[in-house]
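Each chain is listed here by its residues.
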Amino acid sequence: MRLATWNVNSIRSRADRVAAWLQRSDVDVLALQETKCRDDQFPDDRFHDLGYEVAHVGHSQWNGVAVLSRVGLTDVEVGFPGMPSWSAKEGVDPAPEARALGATCGGVRVWSLYVPNGRQLGDPHYDYKLAWLEALRMSAGGWLTDDADARVALVGDWNIAPQDDDVWDISLFTHSTHVTEPERTAFRGVVGAGYADVVRPYTPGPGVYTYWDYTQLRFPRREGMQIDFVLGSPALQRRVTDALVDREERKGKGASDHAPVVVDLAD
């Protein structure tokens with residue numbers, strides 16, 4: 001089975017590009033983030049025509065996550081237990097955002113995750129991010145407590161660079177999110193709950209990135225960040241045979257600012 005994750009930064013703008021990539025890459029399961037559309041706006045038919053089932057959750061032009069699968073798609077779950085809510089407007093009650101979607105595909109429990117950005121140090125969104133990650137750690141650890149042999153993939157845009165080599169120049173991030181010790185500790189907490197980065201062993205750095213900002217020629221200057229990951233449970237880790245970051249898909253007109261991350265799994 002070939003599993004991939006990709007922050008597409010608007011599926012309606014890039015449906016044709018994603019469909020073409022699926023045909024070229026022979027991916028069986030694709031987790032998407034930042035779809036930026038409501039459920040009724042998602043271009044399901046474009047992917048049904050290619051043989052993929054689709055699960056999506058999106059409430060507006062922000063956030064949004066999906067799972068596309070041609071090897072079965074069952075037990076769809078919107079949000080994980082304990083996932084915090086958020087409200088950006090004073091006087092408006094917090095509500096769950098479209099940031100987590102789980103589905104069982106070909107015997108693997110795939111979670112498409114779009115971790116909150118955090119915005120800037122001291123912002124309430126930063127605290128929300130840490131609380132969100134702690135809730136994920138608790139839930140993900142519980143899944144393995146319930147079934148140590150569960151094949152679970154936590155995939156998506158984590159908005160964290162766990163190591164200094166995961167950014168092009170760590171000195172420029174002294175007062176920025178994504179690289180702070182609390183964020184990195186939260187990421188390590190999920191790893192400590194029983195999950196491992198299954199891509200890094202096949203894509204050793206430095207200089208391996210999954211995201212490049214659109215501004216200041218970041219991509220051609222190779223000034224990127226590694227913030228998209230596939231974390232696998234022990235049973236999933238044992239099945240991994242290869243992994244890659246498809247940097248080529250960041251090139252060209254109309255590209256997302258993220259590249260797809262791909263993992264090959266043995267039967």
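A few points on the structure. (Residues numbered from 1 in each chain as written. Predicted model: local features only at pLDDT ≥ 70, side-chain atom pairs only at ≥ 80, totals over all residues. Heavy atoms only, no water.)

### Notes on the overall build of the protein
Next up, step 1: If you tally the helices and strands in the protein, you get five helices and 12 strands.
Next up, step 2: Whereas a compact globule of 267 residues would reach a radius of gyration of roughly 18 Å, the protein reaches 17 Å, a difference of no more than 12%.
Next up, step 3: Dimensions along the principal axes, computed over C-alpha positions, put the protein at roughly 45 × 45 × 40 Å.
Next up, step 4: For the protein, the proportion of its 267 residues judged to be buried stands at 57%.
Next up, step 5: Sequence separation of at least 24 residues holds for 72% of the intrachain contacts in the protein that already meet a minimum separation of 6.
Next up, step 6: Roughly 11,500 Å² of accessible area belongs to the protein as shown, and the carbon and sulfur atoms make up 49% of that amount.
Next up, step 7: Put simply, the protein has 28 plus and 39 minus side-chain charges, and the middle of one group is 5 Å from the middle of the other. (Helix = DSSP H or I, 4+ residues; strand = E, 2+ residues; numbered from the N terminus. Rg over C-alpha atoms; globule rule 2.2 N^0.38 Å. Buried < 20%, exposed > 50% of the residue type's maximum accessible area, 1.4 Å probe, protein only. Contact = heavy atoms within 4.5 Å. Areas by Shrake-Rupley, 256 points an atom, 1.4 Å probe, with all protein chains shown as cover. Lys, Arg positive; Asp, Glu negative; His and termini not counted. Charge placed at Lys NZ, Arg CZ, Asp CG, Glu CD.)

### Section: unusual backbone geometry
Next up, step 1: Going from glycine 205 to proline 206, the amide bond is cis rather than trans, its omega being 5°.
Next up, step 2: With a phi close to 55°, asparagine 9 is a non-glycine residue in the positive phi region.
Next up, step 3: Note on placement: asparagine 9 falls in the loop between strand E1 (2-7) and helix H1 (11-25).
Next up, step 4: Asparagine 9 gets classed as buried once you look at its relative accessible area, which sits at 9%.

### Some points on the sheet that holds strand E4 (residues 65-69)
Next up, step 1: Spatially, the six strands line up as an open sheet ordered E3-E4-E2-E1-E12-E11, and their pairing is mixed. Looking along the sheet, the strands with just one partner apiece sit at the ends: strand E3 (53-57) and strand E11 (240-245). Mean inter-strand twist for the sheet, computed between neighbouring axes without regard to direction, equals 10°.
Next up, step 2: As paired elements, E3 and E4 share five bridges and run antiparallel to each other. Directly across from alanine 55, in E4, lies its bridge partner valine 67. (Pairing = 2+ DSSP bridges. Axes fitted to C-alpha atoms, helices over the stretch in contact; angles between N-to-C directions.)

### Here we look at the layout of surface pockets
Next up, step 1: In this structure, the largest pocket occupies an estimated 950 Å³ of space.
Next up, step 2: Lining the largest pocket we find 35 residues, and of these Asn63, Arg99, Tyr114, Arg119 and His125 sit closest to its centre. (1 Å grid on protein atoms, 1.4 Å probe; cavity = no way out; pocket = protein on both sides within 12 Å on 5 of 7 lines; lining within 4 Å. Points joined across faces, edges and corners; volume = space filled by probe spheres on them.)

### Quick notes on the packing of aromatic side chains
Next up, step 1: The full count for this structure, using the stated rule, is 10 aromatic pairs.
Next up, step 2: For the pair phenylalanine 42 and phenylalanine 47, a centre-to-centre distance of 6.1 Å together with 45° between the ring planes defines the contact as tilted. Neither phenylalanine 42 nor phenylalanine 47 differs from the other in exposure class; each is buried.
Next up, step 3: Judged by centre distance (5.1 Å) and plane angle (10°), the rings of tryptophan 111 and tryptophan 143 are stacked. With tryptophan 111 in strand E7 (residues 108-114) and tryptophan 143 in helix H3 (residues 124-146), the pair connects residues that are 32 residues apart, well separated along the chain.
Next up, step 4: The exposure class of tryptophan 111 is buried, given its relative accessible area of 1%.
Next up, step 5: Grouping aromatic residues by their ring pairs yields a cluster made of Phe80, Trp111, Trp132 and Trp143. (Phe/Tyr/Trp six-rings, centres within 6.5 Å; stacked < 30°, edge-to-face > 60°.)

### A short note on the pairing of strand E6 (residues 100-105)
Next up, step 1: Of all six residues making up E6, five are buried, and the element is well covered by its neighbours.
Next up, step 2: Relative to E6, strand E5 (residues 74-78) runs antiparallel, the two sharing three bridges. Bridged to glutamate 77 within E6 is glycine 102.
Next up, step 3: As judged from the six bridges shared by E6 and E7, these two strands associate in the antiparallel manner. By the bridge assignment for E7, cysteine 105 is matched with valine 108.

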